[in-house]
Structures are given as C-alpha cells and as structure tokens.
Amino acid sequence: AASDVYKRQGHVILADVLADFRRYVQDDRLLALIETILRGHNNPDIGIAQGCPPSPVALNTRLHTALDLPLSAADPGTPPWYRYVDNIVSLHQSVSEGRQFLNQASDLLRSAGFSLKGDPGEVNLRRQGAPLDLLGFRLRKRDGRLLLEPSPGAWRGLREDLKKAHAAHSPSLAAVMAVEGWLEAEGPAFESVKERELLEGVYCMAARIGFRELSSEAKLLGTLRQARTRWLRLRERVRRRLLGRRRTGLSSSCRL
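Residues numbered from 1 in each chain as written. Predicted model: local features only at pLDDT ≥ 70, side-chain atom pairs only at ≥ 80, totals over all residues. Heavy atoms only, no water.

A.B. asks: When you look at the overall build of the chain in this model, what are you seeing that I'm missing?
C.D. replies: Check the secondary structure of the chain and you find eight helices and seven strands. Within the span of the chain, comprising 256 residues, buried residues form 34% of the whole. Residue pairs in contact within the chain that sit at least 24 positions apart in sequence constitute 60% of those at least 6 positions apart. (Helix = DSSP H or I, 4+ residues; strand = E, 2+ residues; numbered from the N terminus. Buried < 20%, exposed > 50% of the residue type's maximum accessible area, 1.4 Å probe, protein only. Contact = heavy atoms within 4.5 Å.)

A.B. asks: Looking at this structure, I do not really get the sheet that holds strand 6 (residues 137-142). What am I missing?
C.D. replies: What holds strands together in a sheet is hydrogen bonding between their backbones, with the strands either parallel or antiparallel. Ordered in space as 5-6-7, the three strands form an open sheet in which the pairing is antiparallel. The open sheet has two edge strands with one neighbour each: strand 5 (132-134) and strand 7 (145-150). Neighbour-to-neighbour, the strand axes of the sheet open up by a mean angle of 30°, direction not taken into account. Across six bridges, the pairing between strand 6 and strand 7 is antiparallel. Counterpart to Arg140 in the pairing with strand 7 is Leu147. (Pairing = 2+ DSSP bridges. Axes fitted to C-alpha atoms, helices over the stretch in contact; angles between N-to-C directions.)

A.B. asks: Explain the pattern of salt bridges here, please?
C.D. replies: Pairs may arise between side chains of opposite charge once their charged atoms sit close together. Scanning the entire structure with this criterion turns up 14 salt bridges. Notably, a salt bridge pairs Glu35 with Arg39, separated by 2.9 Å at the nearest N-O pair. Of this pair, Glu35 and Arg39 both sit in helix 2 (residues 28-39), four residues apart, which is roughly one turn of that helix. Classification of Glu35 as partly exposed rests on a relative accessible area of 29%. A salt bridge links Arg240 to Glu236; its shortest N-O distance comes to 3.0 Å. Pair noted here: Arg240 and Glu236 are both in helix 8 (residues 217-255), with a separation of four residues, about one helical turn. (Salt bridge = Lys/Arg side-chain N within 4 Å of Asp/Glu carboxyl O.)

A.B. asks: Explain a nonpolar patch on the surface here, please?
C.D. replies: Taken together, the side chains of Leu30, Leu33 and Ile37 make up a nonpolar region of the molecular surface, amounting to roughly 240 Å² of accessible area. Structurally, the position occupied by Ile37 is in helix 2. A relative accessible area of 37% means that Ile37 is categorised as partly exposed. (Patch = residues over 30% accessible without salt bridge, like charges linked within 9 Å, V, L, I, M, F, W, Y side chains within 5 Å. Areas by Shrake-Rupley, 256 points an atom, 1.4 Å probe, with all protein chains shown as cover.)

A.B. asks: Honestly, the environment of Val85 in this entry has me stumped. Any pointers?
C.D. replies: Relative to the helices and strands, Val85 is located in the loop between strand 2 (81-84) and strand 3 (87-90). Excluding residues that lie within four positions of it along the chain, Val85 makes contacts with Leu59, Asn60 and Leu63.

A.B. asks: Is there a simple way to explain the side chain of Arg39 in this structure?
C.D. replies: Its relative accessible area of 17% is what places Arg39 among the buried residues. A polar contact of 2.9 Å, which involves the side chain of Arg39, links it to the side chain of Glu35. (Polar contact = N/O pair within 3.5 Å; in protein donor to acceptor, adjacent residues only side chain to side chain.)

A.B. asks: Would you mind showing me how to read the side chain of Thr65 here?
C.D. replies: Along the chain, the position of Thr65 falls in helix 3 (residues 55-72). For Thr65, a relative accessible area of 13% gives the class buried. Here Thr61 takes part through its backbone oxygen, which lies 3.0 Å from a polar atom of the side chain of Thr65. Residue contacts for Thr65: discarding those within four places in its chain leaves Asp20, Arg23, Tyr24 and Pro70.

A.B. asks: I would appreciate a short explanation of the nonpolar core in the present structure.
C.D. replies: One recurring pattern in soluble globular proteins: nonpolar side chains tend to sit buried together. Counting 30 residues, the largest nonpolar core has Leu162, Val179, Leu183, Leu198 and Phe211 as its most contacted members. Secondary structure elements with two or more residues in this core: strand 5, strand 6, helix 5 (152-165), helix 6 (171-185), helix 7 (195-209) and helix 8. Those residues in contact with Leu183 that lie beyond four places of it in its chain are Phe190, Leu198, Leu199, Leu220, Thr223, Leu224 and Ala227. Leu14, Leu31, Leu67 and Leu71 belong to the second-largest nonpolar core, a separate cluster that totals 24 residues. (Core = buried A, V, L, I, M, F, W, Y, C linked by side-chain atoms within 4.5 Å.)

A.B. asks: Can you walk me through the confidence of the model for the chain in this structure?
C.D. replies: As a note on interpretation, predicted positions should not be read in detail where pLDDT is low. Looking at the chain as a whole, the pLDDT averages 80, with 80% of positions reaching at least 70. When mean pLDDT is compared element by element in the chain, helix 5 scores highest at 95, while strand 1 (residues 2-7) scores lowest at 53. (pLDDT = per-residue confidence, 0-100.)

A.B. asks: Sorry, what's going on with the packing of helix 6 against helix 7 here?
C.D. replies: Two quantities define a packed helix pair, namely the angle between the axes and the distance from one axis to the other. Packing of helix 6 against helix 7 brings their axes to within 12 Å, and their N-to-C directions diverge by 150°. Like other packed secondary-structure pairs, helix 6 and helix 7 cross with a definite hand, here right-handed. From helix 6, Val179, Trp182 and Leu183 reach across to helix 7, where they touch Leu198, Leu199 and Val202. Of the residues assigned to the contact of helix 6 with helix 7, the class counts are six nonpolar, no polar and no charged. (Left-handed = near helix turned anticlockwise from the far one by under 90°. Nonpolar A, V, L, I, M, F, W, Y, C, P; charged D, E, K, R; others polar.)

Structure below.
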C-alpha cells in the first residue's frame, strides 16, 4: 500500500510544530530563530509560507512525532513500513492487511490535522505483471522475487536533466553530473537489472540529446556498483533492525 500525506486544508498548526522542535532542540535562541522564520512576516498561528527554508524539516519533524513514533510503538510484528517525507509505503501479505494499516495511519494523521491524499495506490504484486511505480522505481514480482528497475518517470527525469545541461556553463560536465547523480539515486534498482544493458540505454539517450561523450563505461560501471553496494548495506541494516524489534517484542510477550 502506498500513499501521500497532505496538509488538511493546506494548513499546519505552528504550535504543534514548535512543540515538536522543543523535543529535540535545547537552544532557546535557535528555537526562537526557527519560530521567526516559520511565522514569516504575517506571524500566523496556522500555515507555513510556501518556500519557507525550514518547512521540509518542519514537516518531517511533525510527521515523525505524529506518525512514525506511534507506529513504531505498535506491535513489533507489524509488517515493515517506510516514509520518505510525505510518501508512505507499507509491505503486506494481503490487500486487506494493507488497508488496515492505511486506516491506522489515517487515524493518526487525522488527529494531527493531516490526511492521506487521494487513491491509496493499492497494488497486488502477486498478480502477473502488476507493477508499482514508486519514488523513481518500478516494482514487480517475478518467479517469487521482488524486482526493481528504473521507472519510466525516472528515465524521463534523466532526459530532462540532460536537456537542461545544454544551458549550463559547461554542458559536458553538467551532463556527466546528471548521469552519475541518476545512477547514484537508482542504486536499489541495480540488483535486478543487467548493468551493460542499462548503461547502453543511458548512452543512447545522451547521444540523442547531443552528448556523445560521457564518462568511460568503466567509470559509470563503478558508480553503478557503488550505488548498488550502498543499497544492499542499507537493506541489511534495516533487516537486522526489524529482526531485533521482533525478538524484543517476543521476549517481552513471554515475560508477560
């Protein structure tokens, strides 16, 4: 199940955000500066100005307090869930289980003045060929395995960045940085795709846009493999943390 969070009626209660910051920030001067910037010229009690520099960290802090902490305090056996800013993804064995999680998350968010946005995006990956596009990745299940690959949206993003590179002071350097940054971001997908076929697609796209010389294949392969290794290490850390939570929860239950 996947969904986005949005601010109900486009507003955030500043008192709640500032209370969240006080849980983690001890410096009164810094807290006063944060409040001044968040309030802006109009000094409202509700709402953060669009483009306000600390608004991303303010939203993350608010959602961490209102959503992450209560969910983390739930049953350690709860299926894994993830939040990236205002995107929430949870993994479940069935659609009904996923809907139950979304209802739980929706209740927590509603009490904090937020809501889930639009269609929750339920996808049953067990259905043959049923894909899910999420945060630049396309997920599908094949032969009992979960496969990731760059989504069509990710390829479009790379194409747009390469087009913009023509306007840079050094177009060739900007194109190389766009490709290497894209490879860094797509690390999780490189466990499933064929390396040289993917790089061939990158080279062909760059050539069509006017960049026939990029970094060497060896250099881009190195970037790709580093991104994949970093993802595998992160996944292993998350797996160990989840196992630790479940073991802790089991031992507590036994003592009770």
